[in-house]
Amino acid sequence: MSPIPKPLFFFFFFLFLKYVSLSTSLSLHLPLTSLPISSTTNSHSFTTSLLSRKTPSPSSPPYNFRSRFKYSMALIISLPIGTPPQAQQMVLDTGSQLSWIQCHRKKLPPKPKISFDPSLSSSFSTLPCSHPLCKPRIPDFTLPTSCDSNRLCHYSYFYADGTFAEGNLVKEKITFSNTEITPPLILGCATESSDDRGILGMNRGRLSFVSQAKISKFSYCIPPKSNRPGFTPTGSFYLGDNPNSKGFKYVSLLTFPESQRMPNLDPLAYTVPMIGIRFGLKKLNISGSVFRPDAGGSGQTMVDSGSEFTHLVDAAYDKVREEIVTRVGRRLKKGYVYGGTADMCLDGNVAMIPRLIGDLVFQFTRGVEILVPKERVLVNVGGGIHCVGIGRSSMLGAASNIIGNVHQQNLWVEFDVTNRRVGFARADCSRIL
């Protein structure tokens with residue numbers, strides 16, 4: 001097991017992306033499954049009825065759709081793509097812009113992956129090299145594109161752990177019901193990749209699913225992970241208005257003008273104003289400036305559904321580790337690093353450790369907090385090993401603080417794109433319908 005791979009920001013930091021404000025509302029509630037990136041799930045039940053229906057025509061927002069999702073370590077959404085729709089499994093990632101699907105079939109044990117067959121869709125089209133998007137170093141796209149031998153627009157997407165996806169940029173519709181369908185959206189159609197899932201890019205870039213589908217807000221509620229063999233807990237995901245939003249507490253997003261170009265800044269991330277970290281009632285001695293971008297953009301704090309663990313810049317991570325060492329002493333497993341970034345791990349019997357560590361709290365402006373109960377501070381990573389769910393950002397090659405999905409459990413998290421804010425509310429996510 002390893003954290004969900006994130007795109008390398010090597011190009012991203014040097015190519016500024018435009019942000020296009022959104023004013024039109026799209027309201028949907030979609031089926032979401034969340035499993036390790038290498039596992040397979042059966043999504044045919046969601047789309048069986050759609051496949052037999054008459055081909056829908058484009059409709060206008062708002063839409064209304066709702067379902068449940070399963071959660072293990074990555075959020076996997078099953079989207080019905082094409083005409084007629086083909087179910088595609090995609091990692092829901094608020095830290096990425098480009099959405100891409102699998103457009104080839106490659107056998108991976110124990111089951112073959114489900115890939116999209118363009119020849120079966122009447123709404124599928126490719127982007128030629130002449131398309132404005134297929135120009136090198138344009139400010140609207142995170143990674144370079146090129147022209148392939150067929151004069152089609154080719155893309156390559158690389159990830160921090162060495163995995164990749166590449167193929168052609170295409171346009172395709174997403175059909176949610178017989179009367180609910182998006183216009184053609186620009187997607188990647190991967191012909192080569194090292195994972196068996198696609199990506200649903202949900203950041204604030206103009207090519208993200210959020211921007212292209214004109215979604216005003218979306219939210220999800222991730223249930224706690226389960227260690228029971230064969231059991232996967234379920235939660236909920238909304239696009240559009242959430243009926244539970246009355247109890248949400250919001251913080252304003254930090255946004256950055258086009259003129260403010262900083263090499264280590266991700267201007268399209270959901271950057272939130274974090275001000276501190278505490279264990280129980282003890283606030284750690286970390287300057288609030290550590291959690292905000294400096295002159296070079298380092299230090300921003302983003303909420304990311306595509307990362308499993310939370311990651312902190314060195315100045316914050318060192319203080320957290322120092323506190324953990326003080327509380328658990330020599331019980332930390334020497335020389336062990338989970339996912340290449342997290343070295344606060346223990347093996348053997350850890351029943352008493354949560355009491356020693358206490359509750360973990362991420363503090364934001366306006367009195368908003370993310371409280372991680374002591375019972376969930378340790379994450380079971382397998383092999384009898386448990387880790388504090390925090391890694392060191394510099395080991396990812398990143399210069400930012402990242403709130404991962406392991407610390408978004410039993411919370412409603414709403415991304416209100418139109419009003420540029422993020423809302424939180426405690427919930428029992430395993431019981432919400």
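Please refer to the structure placed before this passage.
Residues numbered from 1 in each chain as written. Predicted model: local features only at pLDDT ≥ 70, side-chain atom pairs only at ≥ 80, totals over all residues. Heavy atoms only, no water.

**With respect to the state of the cysteines**
Defined as follows: Disulfides are defined as pairs of cysteine sulfur atoms found within 2.5 Å of each other. Strands here mean DSSP runs of E at least two residues long; helices mean DSSP runs of H or I at least four residues long; both are numbered from the N terminus. Summary of the burial criterion: residues with accessible area below 20% of their type's maximum are buried, those above 50% are exposed, and those between are partly exposed, where the area comes from a 1.4 Å probe applied to protein chains only.
Scanning the entire structure with this criterion turns up five disulfides. Each sulfur of the disulfide joining Cys 129 and Cys 147 lies 1.8 Å from the other. Disulfide Cys 129-Cys 147: the torsion about the S-S bond is 95°, which places it as right-handed. Separated by 18 residues along the polypeptide, Cys 129 in the loop between strand 6 (125-126) and strand 7 (145-147) and Cys 147 in strand 7 bring together distant segments of the chain. Two residues share a disulfide in this structure: Cys 134 and Cys 153, whose sulfurs sit 2.4 Å from each other. Disulfide Cys 134-Cys 153: the torsion about the S-S bond is 105°, which places it as right-handed. Placement of the pair is Cys 134 in the loop between strand 6 and strand 7 and Cys 153 in strand 8 (residues 153-158), with a sequence separation of 19 residues. Take Cys 134: its relative accessible area is 7%, and that puts it in the buried class. On the basis of relative accessible area, Cys 153 is assigned to the buried category, the value being 0%. Cysteine pairing for the protein chain, with bonded cysteines counted in sequence order: 1-6, 2-4, 3-5, 7-10, 8-9.

**Focus on the packing of aromatic side chains**
Note the following rule: Centres within 6.5 Å make a pair out of two Phe, Tyr or Trp rings, where for Trp the six-membered ring is used; the pair is then stacked when the planes are under 30 degrees apart, edge-to-face when over 60, and tilted otherwise.
Overall, the coordinates contain eleven aromatic pairs when judged by the stated rule. Centroid distance Phe 116 to Phe 124: 6.2 Å. Interplanar angle 35°. Geometry classified as tilted. Among the residues examined, Phe 116 registers a relative accessible area of 2% and is labelled buried. Here Phe 309 and Tyr 338 contribute two aromatic rings whose centre-to-centre distance is 5.0 Å and whose plane-to-plane angle is 45°, an arrangement assigned as tilted. Of this pair, Phe 309 sits in the loop between strand 17 (301-303) and strand 18 (310-312) while Tyr 338 sits in the loop between helix 3 (314-328) and strand 19 (345-347), and the two are 29 residues apart along the sequence. When sorted by exposure, Phe 309 lands in the same class as Tyr 338, which is buried. Among the aromatic side chains, those forming a connected cluster through ring pairs are Phe 218, Tyr 220, Phe 237, Tyr 270 and Phe 415.

**Observations regarding the pattern of salt bridges**
Which entries qualify depends on this criterion: Any carboxyl oxygen of Asp or Glu that lies within 4 Å of a side-chain nitrogen of Lys or Arg is treated as forming a salt bridge with it.
Counted by the stated rule, this structure contains twelve salt bridges. For Arg 278, the salt bridge is made with Glu 369, and the minimal N-O distance between the two is 2.6 Å. Linking Arg 278 in strand 15 (residues 274-279) with Glu 369 in strand 21 (residues 369-372), this pair joins segments that are 91 residues apart in sequence. Residue Lys 333 is joined to Asp 347 by a salt bridge in which the shortest nitrogen-to-oxygen separation is 3.0 Å. Of this pair, Lys 333 sits in the loop between helix 3 and strand 19 while Asp 347 sits in strand 19, placing them 14 residues apart in sequence. Within the structure, one salt-bridge network assembled from shared partners comprises Lys 282, Glu 323 and Arg 327.

**Describing the side chain of Glu 308**
The test is simple: Polar contacts here mean pairs of N or O atoms no more than 3.5 Å apart (in protein, one a potential hydrogen donor and the other a potential acceptor; neighbouring residues in sequence count only if both atoms are side-chain atoms).
Within the secondary structure, Glu 308 is located in the loop between strand 17 and strand 18. By relative accessible area, which is 1% here, Glu 308 ends up buried. Polar side-chain contacts of Glu 308 include one of 3.3 Å to the side chain of Tyr 338.

**Thoughts on the environment of Gly 280**
Here Gly 280 lies in the loop between strand 15 and strand 16 (282-283). Residue Gly 280 is classed as partly exposed on the basis of its relative accessible area of 26%.

**Looking at helix 3**
To keep it simple, the criterion reads: What a helix is expected to span follows from its residue count: subtract one and scale by 1.5 Å. An arc is given here, and it is the one of the directions from the helix axis to the C-beta atoms. A contact between two residues is defined here by any heavy atoms of the two lying within 4.5 Å.
Between the first and last C-alpha of helix 3 there are 21 Å, a value that for 15 residues agrees with the 21 Å anticipated at 1.5 Å per step. Restricting attention to buried positions, one finds in helix 3 the residues Ala 316, Tyr 317, Val 320, Glu 323, Ile 324 and Val 328. Relative to the axis of helix 3, the buried residues are bounded by an arc of 130° and lie together on one face. Helix 3 presents Glu 322 and Thr 326 as exposed residues on the side facing more than 90 degrees away from its buried surface. On the buried face of helix 3, the contacting elements are strand 15, strand 16, strand 18, helix 4 (353-357), strand 23 (385-388) and strand 24 (390-392).

From the geometry alone we can't say anything about function, so treat these as descriptive.
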